[in-house]
Amino acid sequence: MRQSKLLLSFVLVLFLQGASFAQSVRWDPPGGQLGFNQVSQLSLVFDDCEPDGPPALPKVDGLQFGQPSQSSQTSIVNFKMSRTFSFVFPVRPEKRAPVTIPAFNIKTDKGTMQVPAARYTVGDTPVGGSGLTVSDVATATLETPKRSVWAGEVFPVNYTLDVMRRYFHSLGSNVEWAAAPAVTDDWTKPDPGETIVRGERRVVSIQSTRASIKQPGIYSLKPAAQMINLMVGTSGFGLFTQPNVEQRQIETKPLEITVKSLPPAPPDFSGAVGTFTFVSKVVPLTAAVGEPVTWTLELAGTGNWPDVTGLPQREVSSDFQVVQPKSKRAMKDGTLFEGTLTEDVVLVPTKPGTYKLPPVRFSYFDPESGSFKTIASEPVTVTVTPGSAPVLPPANSGAPVQFSLNPTNPAPSAPALPAAVTPLPPENLPRDPINESSTGRVPLTTPRLLLLCILAALLCPLVLWLVLAARRSRTLDPQRRRREALTALFATLRALRSAKDLPAALAGLRAWQTETTLLWEIPHAAPGAALVQTSVKRLSKDSGSAWNTLWAEADRTLHSRENSLPTDWIQRAEAALQAVKVPGWNPLSLLAGRHLLPFLFSVLALATLITPISANATTTRTFGEDFTNRYTRDHDFVAAEKFAEGIIKENPSNWPMRHNLGLALAQQDRWAEATAHWTSAFLLNARSDVTRWDLSLGVQRSGLANPTLVELSRAEGRYKLARMATPGEWQLALVAAALLFAAAVIVLLLQGYRQISGWGKPTALSATLLAMVLAATATFSLHTYGQLADPAAIFVWKPTVLRSVPTEADTTQKTSALSAGTIAVAEKSFFGWTKLTFSGGQSGWVRTEDLISLYR
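Nothing here was measured: the structure is a model prediction, and the numbers come from that model.

1. Thoughts on the overall build of the protein
A count of helical and extended segments in the protein gives 18 helices and 43 strands. Looking at the protein as a whole, 42% of its 856 residues qualify as buried. Sequence-distant contacts, at least 24 apart, represent 72% of the contacts inside the protein between residues at least 6 apart. Carbon together with sulfur atoms contributes 56% to the accessible area of the protein, which is approximately 44,700 Å² in total.

Below, the structure is given as structure tokens:
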């Protein structure tokens, strides 16, 4: 037993002696790689000793140390006991450059020891084992809608964090922003939401604050930063599974902003910039000598309150004793820029009488209008009656006294200005509402467009061709001259009946003979009776003798000494003329070859029927002002949305109201629906700067990256040509090309029938070439628009499911995910379902409420 104790003591002594030589302090790991802006852990390990107080670490450029945690461990290996004590520091590299922790001395319970230097490289380490950099997984932006503000103006600042949902675990810290020289409010609380961008579900957190910069200049404010926890995998199994988390810091770009100097200020300007109200109150208005009168001034509003030092001076008669308490400043919780400043002054009258308290004026700069404004209180009359106890008047009684309260918050000293930087253009923001109300051109279906073009190209030439053929047929009709002679003979006989003298009668007989030769086609200007009888019998067998007798009697009267007609000659001539039957014009004769041959090849032209097409900017009832009142004056975006939806339901092609509805939806952060209506406005008026701006803004803010919409917003290549007109206007251009071709054919027809001179052929050739170019351009542009040129085009505004049958009850049916931003054509509807057809030929059913029609 005694030997066992000796042996145990000997072993313990050897163990303690061996342990005494293992005391050291070191970094673990002593080197390696750290991720830029990634939180890692470095342990300061104490082997067989403990620190004597908190460790004093050296400063390391580019490496930030956090608050350490502590751990200790005791182990026995091969009869040797060892103790370790560790400070575990969270560290984050702030630069993409190697960092070195220099050697330093530290106090321990075993004396002062030296910690060896540790060297680390810094790089962009991938997130987990994904191969993605942190910028691929998460981004943060710091932006303001106002890139140019006035000195002292309060402007909004928005911070947006965007993280892939499958990697997001939680926020690791609040937003940190060293905004100096700007003065800022606290950030609003984060309210993460989810969206889908290019099929990837993402977490989006938006926080906002307000800022103000006192001194003018060009500023590059420091980036904002936030720690986020990323889930890079899991460990364990079953119920004991837990996520593996990496902590990374996300930084924004610097915020570039230009601060403009205020214009020349009025003399009483005290430095207030914003929107303010000013109230003056005097209580009571009637008091006895010695009774107090309280004069209260209250300034309230939104502005640069840190720079507002006090209220303006007031003037009162020296017949009052003045008691000046301190002013009271009350700010809204969590903000530096909304509050009130109140000053109560107690006036004690020393003499009876009527006193007028003059108005108090306060001048401030209004950044919205860019001008100085002055608000003033109303003058007040105070009546002082004699009191029971006299009050001694102050010295210099009767003279006016000016007074003001001392400011409670002295003006802060001007911060040092940062280095000047080049200003950047502002980010996209929604435009103002449009007050006018106009309709755009809705495209036609493809079959109707083709029919319209075919009819437009060929009906006009065909009609003109038939008219010209008819004119030629009537001109060349052999019976035309006989019909004209028959009409002339009736007129001649009426003239003979009314002739009053011999010369007139003889002239009438000569005219009768001339027209008779034309009626009966007699081939002689002065024929004998035999030739007349033969010519008449050739055309009318039973009329030869009657006309022969009439002709002989007329000859005898004209050429003999007896210049008199038988008394019944005119009656017999009229009877003979009534018996003559001359064939009329046959309309079918225009189809004869001799009439069509001058332009026979035109028969290949087809018909055209130009249906009425609505004007591109037909003015309708104007509702824009009603919308603007709800949107701008009342800031009731929900009411503005409902109002615009009602107008669009009555007139879906009202593009200004589509623009306005998109504005109301965007103000509610419903960017996907806003993009759908902005797309519709663009398709109804593609040349408007407003609709082009809307399309670009919607694509940028919604994340719905439909390839056609993205290219149309960029306006590069063929898309630049396509967006020079809407699909409806390009269809109209196609019809115009058909009409231009028809005009060329008409010119050739007119020349073929010798209605115009030789300029017809070159003109027709030029018109034909122009029609071909216009038709090719319009067809190419319509092809570029694709399904957007279909009047039944729809916009899928939220992720949904494409089903093979219109029901959700059948769980065995084939389904497919349908991404937001998809463009398709609505084929038909069925009890809340709409059948869609896609450009690749696929079709399926979708809930109607997930769709927005672009034209209907």
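2. Concerning the sheet that holds strand S2 (residues 31-35)
Remark on secondary structure: sheet strands pair via backbone hydrogen bonds, oriented parallel or antiparallel. The strand order across the open sheet formed by three strands is S2-S10-S7, and the pairing between neighbours is mixed. If you trace the sheet from one side to the other, it starts and ends with S2 and strand S7 (99-101), each paired once. The mean inter-strand angle of the sheet, taken between neighbouring strand axes irrespective of direction, is 30°. Taken together, the five bridges between S2 and strand S10 (residues 118-123) define a ladder with parallel strand orientation. Considered in S10, the bridge of Gly31 is made with Arg119.

3. What to know about the sheet that holds strand S30 (residues 353-357)
The strand order S24-S33-S30 describes an open sheet built from three strands, whose pairing is mixed. Where the open sheet ends on each side, the last strands, each with one partner, are strand S24 (286-288) and S30. Pairwise comparison of adjacent strand axes, ignoring direction, gives a mean angle of 25° for this sheet. Here S24 pairs with strand S33 (residues 380-385) via three bridges, running parallel. Note that in S33 the partner of Ala287 across the bridge is Val384.

4. Focus: the side chain of Thr252
Along the chain, Thr252 turns up in the loop between strand S21 (242-251) and strand S22 (255-260). Apart from the residues lying within four places of it in its own chain, the contact partners of Thr252 are Ala140, Thr141, Leu142, Tyr159, Pro223 and Ala224.

5. Some thoughts on the packing of aromatic side chains
Tallied over the full model, the rule gives 22 aromatic pairs. Aromatic side chains Tyr159 and Trp187 sit 6.0 Å apart centroid to centroid with 65° between the ring planes, which places their arrangement in the edge-to-face category. Here Tyr159, found in strand S13 (residues 154-164), pairs with Trp187, found in the loop between strand S16 (183-184) and strand S17 (193-197); they are 28 residues apart in sequence, far enough to count as distant. A relative accessible area of 0% places Tyr159 in the buried class. Counting every residue linked through ring pairs, the aromatic cluster contains Trp27, Phe46, Phe65, Phe85, Phe87, Phe89 and Phe104. Positioned above the aromatic ring of Trp295 is the side chain of Arg314, whose terminal nitrogen or guanidinium carbon lies 5.3 Å from the ring centre. Across the ring face of Trp833, the terminal group of Arg847 is positioned such that the distance to the ring centre comes to 4.7 Å.

6. With respect to helix H8 (residues 569-578)
Because the α-helix completes a turn every 3.6 residues, residues three or four places apart line up on one side. Every buried residue of H8 is listed here: Trp569, Ile570, Ala573, Ala576 and Leu577. Down the axis of H8, the buried side of the element spans an arc of 125°, and every buried residue falls inside it.

7. Digging into the nonpolar core
Core analysis: the largest hydrophobic core is formed by 38 residues, its most contacted members being Tyr785, Leu788 and Leu854. Of all elements in the fold, only helix H3 (446-476), helix H13 (671-684), helix H14 (689-702), helix H15 (707-714), helix H16 (718-722), helix H17 (727-752), helix H18 (760-785) and strand S37 (793-796) reach the threshold of two or more residues within this core. The element that contributes the greatest number of residues to this core is H13, accounting for six residues. When neighbours within four sequence positions are excluded, Leu788 is seen to be in contact with Leu683, Thr708, Leu709, Leu712, Pro727, Ala793, Ile823, Leu854 and Tyr855. One finds Val134, Leu142, Trp177 and Leu221 within the second-largest nonpolar core, a separate group that totals 33 residues.

8. Some points on the pairing of S22
Among the six residues in S22, five count as buried, and that is most of the element. As defined by bridge partners, strand S12 (residues 148-150) adjoins S22 across three bridges and the pair is classed as parallel. Paired with Ser148 across the bridge in S22 is Thr258. In this sheet, S22 lies alongside strand S19 (residues 217-221) in antiparallel orientation, the contact comprising five bridges. If you follow Ser220 over to S22, its bridge partner there is Glu256.

9. Remarks on the pattern of salt bridges
Opposite charge on two side chains permits them to pair, given that their charged atoms come into close proximity. For the structure on display, the rule yields 23 salt bridges. Its salt-bridge partner being Asp162, residue Arg202 comes within 2.5 Å of it at the nearest N-O pair. A residue pair is termed long-range when its members are at least 10 positions apart, and Arg202 in strand S18 (residues 200-212) and Asp162 in strand S13 qualify at 40 residues. Asp162 sits in the buried class, given a relative accessible area of 18%. For the salt bridge of Arg166 with Glu200, the shortest nitrogen-to-oxygen distance reads 3.0 Å. In this pair, Arg166 sits in the loop between S13 and strand S14 (168-171) while Glu200 sits in strand S18, placing the two residues 34 residues apart along the sequence. Residue classification places Arg166 among the partly exposed residues on the basis of a relative accessible area of 47%. Taken together, the shared-partner salt bridges connect Asp185, Arg210, Lys332 and Glu338 into one network.

10. Re the packing of helix H7 (residues 544-559) against H8
Two numbers describe how H7 lies on H8: the axes approach to 10 Å, and their chain directions differ by 145°. Handedness of the crossing formed by H7 with H8: left-handed. Contacts between H7 and H8 pair Trp547, Thr549, Leu550, Glu553 and Ala554 from the former with Trp569, Arg572, Ala573, Ala576 and Leu577 from the latter. For the contact of H7 with H8, the residue count by class is seven nonpolar, one polar and two charged.

11. Structural notes on the packing of helix H4 (residues 480-497) against H8
Remark: H4 packs on H8, axes separated minimally by 11 Å, with the N-to-C direction vectors making an angle of 165°. Classified by the angle between their axes, H4 and H8 sit roughly antiparallel to one another. In terms of crossing hand, the pair formed by H4 and H8 is left-handed. Residue-level contacts link Leu486, Leu489, Phe490, Leu493, Leu496 and Arg497 of H4 to Trp569, Ile570, Gln571, Ala573, Glu574, Leu577 and Gln578 of H8.

12. Points about the confidence of the model for the protein
On average, residues of the protein score 77 in pLDDT, and 78% of them are at 70 or above. Per-residue pLDDT stays below 50 along residues 1-21; that stretch engages in seven contacts with residues further than four places along the chain or on separate chains. The model gives residues 593-622 a pLDDT under 50, and that stretch makes 82 contacts with residues more than four places away or in other chains.

13. Section: the layout of surface pockets
Of the volumes computed, that of the second largest pocket is approximately 300 Å³. Forming the boundary of the second largest pocket are 16 residues, of which Glu645, Ile648, Leu661, His677 and Ile852 lie nearest the centre. Within the residue set of the lining of the second largest pocket, elements represented by two or more residues are helix H11 (637-650), helix H12 (655-667), H13 and strand S43 (851-853). Across the lining of the second largest pocket, the residue classes tally to seven nonpolar, two polar and seven charged.

14. Looking at H4
For H4, which comprises 18 residues, the first-to-last C-alpha distance of 27 Å matches the rise-based estimate of 26 Å (1.5 Å per residue) to within 8%. Three or more residues of H4 are buried, namely Arg482, Ala485, Leu486, Leu489, Thr492, Leu493 and Leu496. Buried residues in H4, looked at end-on, bunch into an arc of 125°, giving them a common side. Residues of H4 that are exposed and point over 90 degrees away from its buried face: Thr487 and Arg494.

Cut-offs applied
Residues numbered from 1 in each chain as written. Predicted model: local features only at pLDDT ≥ 70, side-chain atom pairs only at ≥ 80, totals over all residues. Heavy atoms only, no water. Helix = DSSP H or I, 4+ residues; strand = E, 2+ residues; numbered from the N terminus. Buried < 20%, exposed > 50% of the residue type's maximum accessible area, 1.4 Å probe, protein only. Contact = heavy atoms within 4.5 Å. Areas by Shrake-Rupley, 256 points an atom, 1.4 Å probe, with all protein chains shown as cover. Pairing = 2+ DSSP bridges. Axes fitted to C-alpha atoms, helices over the stretch in contact; angles between N-to-C directions. Phe/Tyr/Trp six-rings, centres within 6.5 Å; stacked < 30°, edge-to-face > 60°. Lys NZ or Arg CZ within 6 Å of the ring centre and 35° of its normal. Arc of directions from axis to C-beta. Core = buried A, V, L, I, M, F, W, Y, C linked by side-chain atoms within 4.5 Å. Salt bridge = Lys/Arg side-chain N within 4 Å of Asp/Glu carboxyl O. Left-handed = near helix turned anticlockwise from the far one by under 90°. Nonpolar A, V, L, I, M, F, W, Y, C, P; charged D, E, K, R; others polar. Parallel < 35°, antiparallel > 145°, perpendicular 65-115°, else oblique. pLDDT = per-residue confidence, 0-100. 1 Å grid on protein atoms, 1.4 Å probe; cavity = no way out; pocket = protein on both sides within 12 Å on 5 of 7 lines; lining within 4 Å. Points joined across faces, edges and corners; volume = space filled by probe spheres on them. Expected span 1.5 Å × (residues − 1).

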